[in-house]
Amino acid sequence: MSEAVKKDQPKVSVPTVTFSLDGQSVTVPKGTTVLQAAKDVGIHIPTFCWHPQLKSVGACRMCYVEVEKMPKLMVSCMLDAMDGMVVQTDSDQVRQGRKAVLEFILLNHPLDCPTCDKGGECDLQNLTFKHGVDDNRFDFKKARFKEESMTTTFDDKKIGPEIVLNRNRCILCYKCVRANKEAFGEYDLGAFERGNITQIDAVPGGEVCNPFSGNLVEICPVGALTNSDWRYKIRVWLTKTTPSLCNFNSSGSNIDFYKEDHQNKIFRVTSRTNDSIDDGWISDITRYGYQVINSADRLQKPLIKKDGKQVEVSWDEAINFIAKKYNDIKESVGRVCIGGLISPSLDNRSLYSFSKMIRTVCKSNNIDFRGDYRMLPNNPDSPFGVLRSQPFSIAEIDDSDVIVSFGSDLIHEHPNEYLRIRKAFNYTQPKIYSMMPYSVKSADVANIEYVYTPGTDETAINAICLAGIEENVVDASMATEYIKHVVPSTLKDASALCGLDEAELKILARSIAEGKKITFLVGEIVTRSKARDIITAALLNMNKLFGLSSKGQISILARYANSKGAEKLGILPDPIAPIKEALKNDFEEYPESEPRNTDGMMAHIRKEEIKGLFIVGSNPMMLYPDKEFIKESLDKLDFLVVCDLFETETTEAADVVLPLAGWAEYDGDYVNLEGVCQSAKQAVKPAGESKAAYEIVRLIAEKLEHKTFDVESIDKGVEACLAIDTTIKLPNEFLDIKAESEDVTGEFSHPIFIIDDAHHCGHLTEKAPSLNNFTAEAYLMMSEELAAKNNMQENDPVRVESEVSKLILPVKISESLDSDVLLIPRNFQSSPVTSLCMRKRRIDRVKISKVDE
Amino acid sequence: MILTEDSIAKIKAKAVRYPRKKSAILPAWTVAYRQIGHVDEAIYKEISKVIGVPMVEIAEAATFYTMFPKKPRGKYLLQVCNNISCALRGSDSMITHLENKLDIKLGETTDDNQFSLIAVECLGACATAPMVQVNMEYHENLDATKLDKLIDDLKAKKD
Ligand code: SF4
Ligand code: FES
Ligand code: FES
């Protein structure tokens, strides 16, 4: 059993042992190592190869302790504490032993600290100083690895887009290889050869480019692995850290920004371990995403469109212009007809001020944060809204005995949760199941991966229920009632329709019925589906039939940094009653007008009933899944204001463009998918004249004579909303579900799914050079078989045609895909994949053909 | 595929003996080695598919075991023992002799791809040192004349 698990889940009634540690009596659960016990009581034992999240291997011998009655020094990371043991962690013998270990480790280690980027934060350097190893009895030539172009101690070997390896410095603690395999399930790094030339390296013919690769550098105790991103730029002791959060995932990974006093720039990001959220691992997007802030392409000044061209102006001019336009519209139409769309990655203050402006200044309920979803239901207590509001806890994954992930490619959407499930897979071994319309790498931890026919999501869920009924593992009277509500109503029909195996479905149904603690998480396949209400209704039925939520958690995971916050703060056209109540209390008046979501707004823009639109931080032109439609809609507007960090296709369409400050440039609070509110602190000054969204809103509102947009008033409103429990009660009745079917039109036969690349998220990360070093352009991902069938090779250009548009994309062959589904990332402006989509379609389909050179 | 169907069948038959997939790595190579004479990246990939173990783990193990040659070798692999007993009995001069005779250095292969020469650690034939292993056969109690004869015989051998 690992220390990790023990630390995270103190089991109440496990047997304990009591032993003496440096004279102090310590009681710990049986199976705890001496090292962990020492850490728990604050006694420091030096280590190289030990990591709290990995199984101990005892490779470095640095953690020696002296144990009475044991003839030799013992490695404490491998030694379970036992009753009556007497342990010394700092005796003469121990110090001598450690010194010897250091001398040994330093045999071949180059003394190149002055040119080593780890200097200042190197475990080996620090411990060598501490133990005063100043001499080396080894007078042979040190073993050296040399790359052609490098001299002496340098051995710079690029083993991944962002990782440089110096094998001379490596002390072979194997932490990197172990973390890669064990914690991330990745096999692109290994330890090769033996003896003096044992070395870490990328897999033959490959490179280390997995989505968690940056962590390997962070855990290396010496300067053997360094980041291309950080090396030779600055010394670590010249930097200061600012605690912050990842802006690209919804769990809010805890990170530190590194900056230097004299330069307004971030140098790097490392994890700021928070075991309840991230276990100290961060994804590469989290690590390198900060480069977006540093980008030279950032918008510096407001822009106004004059004679068809956007020109730089002062803030005063821009705000005056907005106010004038606002009044013009108001006068010509007789009322304000303005809408607002805001990104769910912005902080609470910004979201709340924006909603306050739209509701109290523009007096409208035309507001939404969901810019890239299809056909959103308006009703907050729709099945989707209900399931989305259910609570979710990351740490609860640790002690679930059944984990089901439905419609989520976890590695891409929820990297932290994936690693958490992987940890359970390594230690507590729950039953894990994955259900997706295409197969995914994330399912490598699953006992069974269910791949259902695209577009039959609700039937796949129904099939689980029907399997449970056939297996007699659910309440009989509920079963009779359930069957009345669903079509198809037999397991045979349902499994045939969704293409799943009856016997396998029965295994899943049995696990859900018999599981003691279940985590059932639902992802983007559902969230972004046009049929999401039907799918979630099916999930609610399943939940009721199996009594799932009474013994675990089922929730649709929030996807963006503050999606949960946006819901809790009522950034929706029609928030749930208690939130609406709070808003009514806070606002001088709450608008009566009809609530319109993104889609409703677009419809009314097209009818010319909405004349102006504010877009903050969103890029619908790139992300809305029907490019033609959104373009036509925005073109109809009289007045469009867009705030963003960069010029985008959306800002191009705007009459006024305002430079937005990034998340590292001001203090902000964000609510993660668990509903936990965390703070990110300002690390650097805003680029150019950019401003935080809440400041922009305040300028506009105050210009229009609205006073209460100061930080204090806004924070008061935020606080009131966050205090409200937004969980909606689950329905008591079964809901009617009739499977939807969509005709597949002849030639367009391949289903496509628009995804986020493993190293990108949304439209901003394209501005991070390090992330582009992993993937810099869109691709068409297909299975090996499909490529072979069409005679296509990796990187061959392929024409992808839908009913409405076509694109040419290079082929990328995926090892995990195995059907005729195609995947295309949406993160690259140069390949507008959303142009292939039509909003009326549930599943977009295309045909593909090779482009002949 | 480089592995023949016969080899694949043999590997699969061996793989089922082990509760852990990884354990089948060494037996799989033996099969591959017998067929091809060496193991390399392409073979790692194929074995990885056949036994369902990530390629990196196969490569790690392969580089650890020096006895599996990693690149194509000559028809005859001369492994001269250079460990203590053989060294005391003159293995160094055996190596020099072979180097001169074949006009290659230790670790190299002759241009006609007939002979490769390497030094290895103790092969358990200390009592009859110095010795050389040629493919699967031991030749012991060597001296220069015996070596010459050995090489000439091999050269003369048809097929
Ligand atoms: S590269 Fe670093 S982490 Fe990996 S084995 Fe070497 S010293 Fe350890
Ligand atoms: S930390 Fe215990 S042996 Fe490395
Ligand atoms: S030393 Fe050569 S066979 Fe033992």
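Residues numbered from 1 in each chain as written. Chains lettered and ligands numbered in written order. Predicted model: local features only at pLDDT ≥ 70, side-chain atom pairs only at ≥ 80, totals over all residues.

**Remarks on the overall build of chain A**
Our working rule: Secondary structure follows DSSP: runs of H or I at least 4 residues long count as helices, runs of E at least 2 residues long count as strands, and numbering of each begins at the N terminus. Restricting the calculation to C-alpha atoms gives the radius of gyration, and the globule rule supplies 2.2 Å times the number of residues raised to the power 0.38. Burial is judged by counting other C-beta atoms within 10 Å of a residue's own C-beta: 20 or more means buried, 12 or fewer means exposed, and anything between counts as partly exposed, with every C-beta placed from the backbone.
For chain A, the count of helices and strands is 29 helices and 35 strands. What you see for chain A is a C-alpha radius of gyration of 29 Å, in line with the 29 Å of a compact globule of 853 residues. In chain A, buried positions account for 56% of the 853 residues.

**Some remarks on the overall build of chain B**
Just so we agree on the cut-off: Two residues form a contact once the distance between their C-beta atoms, set from the backbone, is within 7 Å.
Within chain B, the regular secondary structure consists of seven helices and four strands. Dimensions of chain B along its principal axes, counting C-alpha atoms only, are 50 × 35 × 20 Å. Within chain B, the proportion of its 159 residues that are buried is 28%. Within chain B, contacts between residues at least 6 apart in sequence are counted, and of these 59% link residues at least 24 apart.

**So, the packing of helix H1 (residues 5–15) of chain B against helix H3 (residues 41–51) of chain B**
All names here are of chain B. To keep it simple, the criterion reads: Interaxial angles span 0 to 180 degrees and are taken between N-to-C directions of axes, which are lines fitted to C-alpha atoms, for helices over the stretch in contact. Geometric relationships in this document are graded by angle, where less than 35 degrees denotes roughly parallel, more than 145 denotes roughly antiparallel, 65 to 115 denotes roughly perpendicular, and other angles denote oblique. Less than a right angle of anticlockwise turn of the near helix away from the far helix marks a crossing as left-handed, whereas a clockwise turn marks it as right-handed.
H3 packs onto H1 with a crossing angle of 50° between their chain directions and a minimal axis gap of 10 Å. Here H1 lies oblique to H3, going by the angle between them. Here H1 runs over H3; the crossing is right-handed. Contact residues: H1 offers Ile 8, Ile 11, Lys 12 and Ala 15, while H3 offers Ile 47, Val 50 and Ile 51.

**Let's talk about the interface of chain B and chain A**
Which entries qualify depends on this criterion: Classification convention: Asp, Glu, Lys, Arg as charged; Ala, Val, Leu, Ile, Met, Phe, Trp, Tyr, Cys, Pro as nonpolar; all other residues, Gly among them, as polar.
Residue-level contacts link nine residues of chain B with ten residues of chain A. For the side of chain B that touches chain A, the secondary structure elements donating two or more residues are H3 and helix H4 (55–64) of chain B. Among the elements that take part in the side of chain B that touches chain A, H4(B) stands out by supplying six residues, more than any other. Tallied by class, residues from the side of chain B that touches chain A come to six nonpolar, one polar and two charged.

**Quick notes on the sheet that holds strand S13 (residues 266–271) of chain A**
All names here are of chain A. Basically, it comes down to this: We treat two strands as partners when DSSP finds at least two bridges between them.
As summarised here, the arrangement of the three strands in space is S11-S12-S13, forming an open sheet in which the pairing is antiparallel. With partners counted over all chains shown, the strands left at the sheet margins are strand S11 (239–245) and S13, one partner each. Pairwise comparison of adjacent strand axes, ignoring direction, gives a mean angle of 30° for this sheet. Bridge count between S11 and strand S12 (residues 254–260): seven bridges; the pairing is antiparallel. Residue pairing across strands places Pro 243 opposite Asp 256, the latter belonging to S12.

**A few points about the nonpolar core**
Side chains of nonpolar character tend, in soluble globular proteins, to be buried together. Counted only if it meets this: The term nonpolar core refers to a group of buried residues, namely Ala, Val, Leu, Ile, Met, Phe, Trp, Tyr and Cys, whose C-beta atoms join them within 7 Å.
In this structure, Ala463(A), Ala693(A), Leu780(A) and Ala28(B) are the most contacted members of the largest nonpolar core, which totals 277 residues. The leading source of residues in this core is helix H19 (residues 532–546) of chain A, at nine residues. In contact with Ala463(A), other than residues within four places in its own chain, are Leu491(A), Ala494(A), Ser495(A), Cys498(A), Leu500(A) and Leu505(A).

**Remarks on the site of ligand 1**
The following threshold applies: Each residue receives a C-beta atom built from its backbone; the residue is near a molecule or strand if that atom lies within 6 Å of it.
Close to ligand 1 lie 13 residues, the nearest being Cys170(A), Cys173(A), Cys176(A), Cys220(A) and Ala224(A). Looking at the shell around ligand 1 residue by residue, the classes come out as twelve nonpolar, no polar and one charged.

**Considerations on the domain arrangement of chain B**
Condition: An automatic or database domain assignment is the source of the domain bounds shown.
Once the domains are mapped, chain B shows domain 1 (5–64) and domain 2 (76–156). Inter-centroid distance (C-alpha atoms) of domain 1 of chain B to domain 2 of chain B is 29 Å.

**Remarks on the domain arrangement of chain A**
Residues and elements named next belong to chain A. In terms of domains, chain A is made up of domain 1 (3–105), domain 2 (123–294), domain 3 (303–380 + 563–722), domain 4 (393–472 + 490–556) and domain 5 (742–850). Spacing between the C-alpha centres of domain 4 and domain 5 amounts to 25 Å. The partner domain 5 presents 13 residues to the 14 residues of domain 4 that form the contact. Residues belonging to the side of domain 4 that touches domain 5 are distributed by class as follows: seven nonpolar, four polar and three charged.

**A closer look at the confidence of the model for chain B**
Residue and element names in this part refer to chain B. Selection rule: The predictor's confidence in any single residue is recorded as pLDDT, a number from 0 to 100.
The pLDDT averaged across chain B works out to 93; a share of 99% of its residues lies at or above 70. No element of chain B has a lower mean pLDDT than helix H2 (residues 25–36), which averages 91, and none a higher one than H1, which averages 96. Predicted complex, confidence summary: ipTM 0.85, pTM 0.92.

**Focus on the pairing of strand S6 (residues 156–160) of chain A**
On a regular strand, one side chain projects to one face of the sheet and the next to the other, so that they alternate. Residues and elements named next belong to chain A. As judged from the four bridges shared by S6 and strand S7 (residues 163–166), these two strands associate in the antiparallel manner. Paired with Gly 160 across the bridge in S7 is Ile 163. In this structure, the hairpin formed by S6 and S7 is closed by a connection of two residues.

**Here's the deal with the sheet that holds S7(A)**
Residue and element names in this part refer to chain A. In space, the three strands of this open sheet follow the order S6-S7-S10, with antiparallel pairing throughout. Each end of this open sheet is capped by a strand with a single partner; those strands are S6 and strand S10 (225–227). Taking the axes of each pair of neighbouring strands and ignoring which way they run, one obtains an average angle of 35° across the sheet. As defined by bridge partners, S7 adjoins S10 across three bridges and the pair is classed as antiparallel. Across the sheet, Val 164 pairs through a bridge with Thr 226, a residue of S10.

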